[in-house]
Amino acid sequence: MTKRILLSTPHMSGEEIKFIQEAFDTNWIAPVGPNIEAFEEEFCQVIGGGYAAALSAGTAALHLALRLVGVSPGDEVFCSTLTFIATANPIVYQKAKPVFIDSDGISWNMDPNLLAETIEYRAKIGKLPKAVILVHLYGQSADIDPILKVCNNYSIPLIEDAAEALGATYKGKAPGTFGKIGIYSFNGNKIITTSGGGMLVSKDPQLVTKAKFLATQARDPAPHYQHSEIGYNYRLSNILAGVGRGQLKVLQDRVAARRKNFEIYQQELGNLPGIQFMPEASYGKTTRWLTCITVDPKKFGVDRETLRLKLNEKHIETRPVWKPLHLQPVFADCECIGGTIAEDLFTNGLCLPSGSNLKIEDLKRVINAIIQVSNYTRS
Ligand SMILES: *Cc1c(COP(=O)(O)O)cnc(C)c1O
């Protein structure tokens, strides 16, 4: 039986088990405890300061972020269209409406010029969004400065979805730390994982205190259980925070391993006709969380989907680049500004196996399989 090569799998450091053991030894088997506080502090050190709330998921963190900036029923929220649906679902939880913004071809993230034009036009007609959610996709930061500038000019809070970009840089700093609130994810396929989990960060300690309050059922300070607001049960467990502490120690190794995967793919496949790699924008460093290519069917011989199916036959898991949210049936009635760049990236884009625990033999198998498809289709 040929082993199936997966897209991105958990990669433990071995340190996690010590923190889990500590939680068991001290009986902190709860969504409170010393690992949680330590994980938050250590996380802030890694991203360069601020305050953090450890949560049960990145999606929960986004939901709280929208609550904290006051997104309410009927509001509009501008949001990157090329992303995972978790970015936009919390907009709907708040009974607000997403307006999707296309990508640029440089970073594959939200086009800063398109956003600026749209916000300036919306200011003229008196219809500004309540917030902007900016996604940093596949380990690469969006071009944050111009986006932050236009948001600040119109006092629109910027929320950064850095779920896929922990370990990346933008002009030397961590994406996720520029806007009013940033969020990260520790889902099983992310660059580091707690099996499931997320983090909300902000430079404003009051916002983070409020996030923790909302994440624990919004309990008023009283000995009896008293509530003046509706909250959630969104805290991370002390055991999983222990996993996070062990993972955080090896973040830089994980970034290096994923960048190395990319380098090997690019070296071996970069000259194949019709294959292009996701560019790295000059303003920062991507983690290459996933190595993404685009396939030009005319030059390569087959289209992306045929390549994906052929690789699947060879027990290699790949995934199309995210289907843009404005093409999702559930968002059929939502406005999208532009959209063709994201659509093309979806049509032609493919994410290759990219785990930091891939062996060189695995990479070679993927590389040879892609070369075989290419040779076969052109001979
Ligand atoms: C994974 C992911 C999320 C959601 O994080 P969860 O921890 O799975 O809830 C949000 N946005 C993006 C872009 C993601 O990739």
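Quick caveat: nothing in here was measured; it's all calculated off a predicted structure.

The assigned domain composition of the protein chain is domain 1 (16–248) and domain 2 (251–377). A straight line from the C-alpha centre of domain 1 to that of domain 2 covers 26 Å. In terms of surface lost to domain 2, no three residues of domain 1 exceed Trp108, Tyr138 and Ile191, which account for 23% of the buried area on that side. Here domain 1 is connected to domain 2 by 2 salt bridges. Between lysine 97 and aspartate 333 there is a salt bridge, with its nearest N and O atoms 3.3 Å apart. Where domain 1 touches domain 2, the interface holds 25 residue pairs in polar contact (both at pLDDT 80 or more). Sorting the residues of the side of domain 1 that touches domain 2 by element identifies α4 (89–93), β3 (97–101), α5 (112–124), β6 (169–170) and α8 (238–248) as the ones contributing at least two each. Here the element with the most residues in the side of domain 1 that touches domain 2 is β3; it accounts for 5 residues. When the residues that make up the side of domain 1 that touches domain 2 are grouped by side-chain class, the tally is 22 nonpolar, 15 polar and 8 charged.

On to the state of the cysteines, then. By the definition in use, this model includes 0 disulfides. Lacking any disulfide linkage, cysteine 151 is separated from the closest cysteine sulfur, that of cysteine 79, by 12 Å. A relative accessible area of 0% places cysteine 151 in the buried class. Unpaired in terms of disulfides, cysteine 336 finds its nearest cysteine sulfur in cysteine 334, a separation of 9.7 Å. Exposure remark for cysteine 336: the relative accessible area of 22% places this residue in the partly exposed category.

Our focus in this paragraph is the packing of helix α2 (residues 34–47) against α8. Two quantities define a packed helix pair, namely the angle between the axes and the distance from one axis to the other. Where α2 meets α8, the axes come as close as 8 Å, and the angle between the chain directions of the two elements is 30°. Here α2 lies roughly parallel to α8, going by the angle between them. Regarding α2 and α8, the two cross each other, and that crossing is left-handed. Contacts between α2 and α8 pair Pro34, Asn35, Ile36, Ala38, Phe39, Glu42, Phe43 and Val46 from the former with Asn238, Ala241, Gly242, Gly244, Arg245 and Leu248 from the latter.

What follows is about the nonpolar core. Phe39, Phe43, Trp108, Tyr138, Leu166, Tyr184 and Met199 are the most contacted members of the largest nonpolar core, which totals 37 residues. When contributions to this core are tallied by element, the ones reaching two or more residues are α2, β1 (51–55), β8 (198–202), α8, α9 (251–269) and α12 (340–348). Per-element tally for this core: the top contributor is α2, with 5 residues. Built from parts of two domains, this core gets at least three residues from each of domain 1 (16–248) and domain 2 (251–377). Those residues in contact with leucine 166 that lie beyond four places of it in its chain are Phe43, Ile47, Tyr184, Phe186, Ile191, Ile192, Leu251 and Thr287.

Packing of helix α3 (residues 58–68) against helix α7 (residues 205–215) leaves a shortest axis separation of 10 Å and a crossing angle of 120°. Crossing angle aside, the handedness with which α3 passes α7 is right-handed. In this structure, α3 contributes Leu64, Arg67 and Leu68 to the contact, and α7 contributes Leu207, Lys210, Ala211, Leu214 and Ala215. Along the lines of polarity and charge, the residues of the contact of α3 with α7 split into 6 nonpolar, no polar and 2 charged.

As a matter of local geometry, the ligand sits amid 15 residues, with Thr59, Asp161, Glu164, Ser185 and Lys190 nearest to it. In this structure, lysine 190 approaches the ligand through a side-chain N or O atom, which is 3.3 Å from an oxygen atom. Glycine 197 is positioned such that a nitrogen or oxygen atom in its backbone is 3.5 Å from an oxygen atom of the ligand. Alone, the ligand offers 380 Å² of accessible surface; in the complex the protein occludes 94% of this. Taken together, the residues that form the shell around the ligand break down as 5 nonpolar, 7 polar and 3 charged.

This part covers the pairing of strand β11 (residues 291–295). With 5 of 5 residues buried, β11 is to be regarded as a mostly interior element. Going residue by residue along β11, you find Thr291, Ile293 and Val295 tucked away on one face and Cys292 and Thr294 tucked away on the opposite face as well. Here strand β9 (residues 275–277) pairs with β11 via 3 bridges, running antiparallel. Note on β11: the bridge partner recorded for phenylalanine 277 is isoleucine 293.

Definitions and cut-offs
Residues numbered from 1 in each chain as written. Predicted model: local features only at pLDDT ≥ 70, side-chain atom pairs only at ≥ 80, totals over all residues. Heavy atoms only, no water. Domains from an automatic or database assignment. Buried area = accessible area lost by both parts, 1.4 Å probe. Salt bridge = Lys/Arg side-chain N within 4 Å of Asp/Glu carboxyl O. Polar contact = N/O pair within 3.5 Å; in protein donor to acceptor, adjacent residues only side chain to side chain. Helix = DSSP H or I, 4+ residues; strand = E, 2+ residues; numbered from the N terminus. Nonpolar A, V, L, I, M, F, W, Y, C, P; charged D, E, K, R; others polar. Disulfide = S-S within 2.5 Å. Buried < 20%, exposed > 50% of the residue type's maximum accessible area, 1.4 Å probe, protein only. Axes fitted to C-alpha atoms, helices over the stretch in contact; angles between N-to-C directions. Parallel < 35°, antiparallel > 145°, perpendicular 65-115°, else oblique. Left-handed = near helix turned anticlockwise from the far one by under 90°. Contact = heavy atoms within 4.5 Å. Core = buried A, V, L, I, M, F, W, Y, C linked by side-chain atoms within 4.5 Å. Near = heavy atom within 4 Å. Areas by Shrake-Rupley, 256 points an atom, 1.4 Å probe, with all protein chains shown as cover. Pairing = 2+ DSSP bridges.

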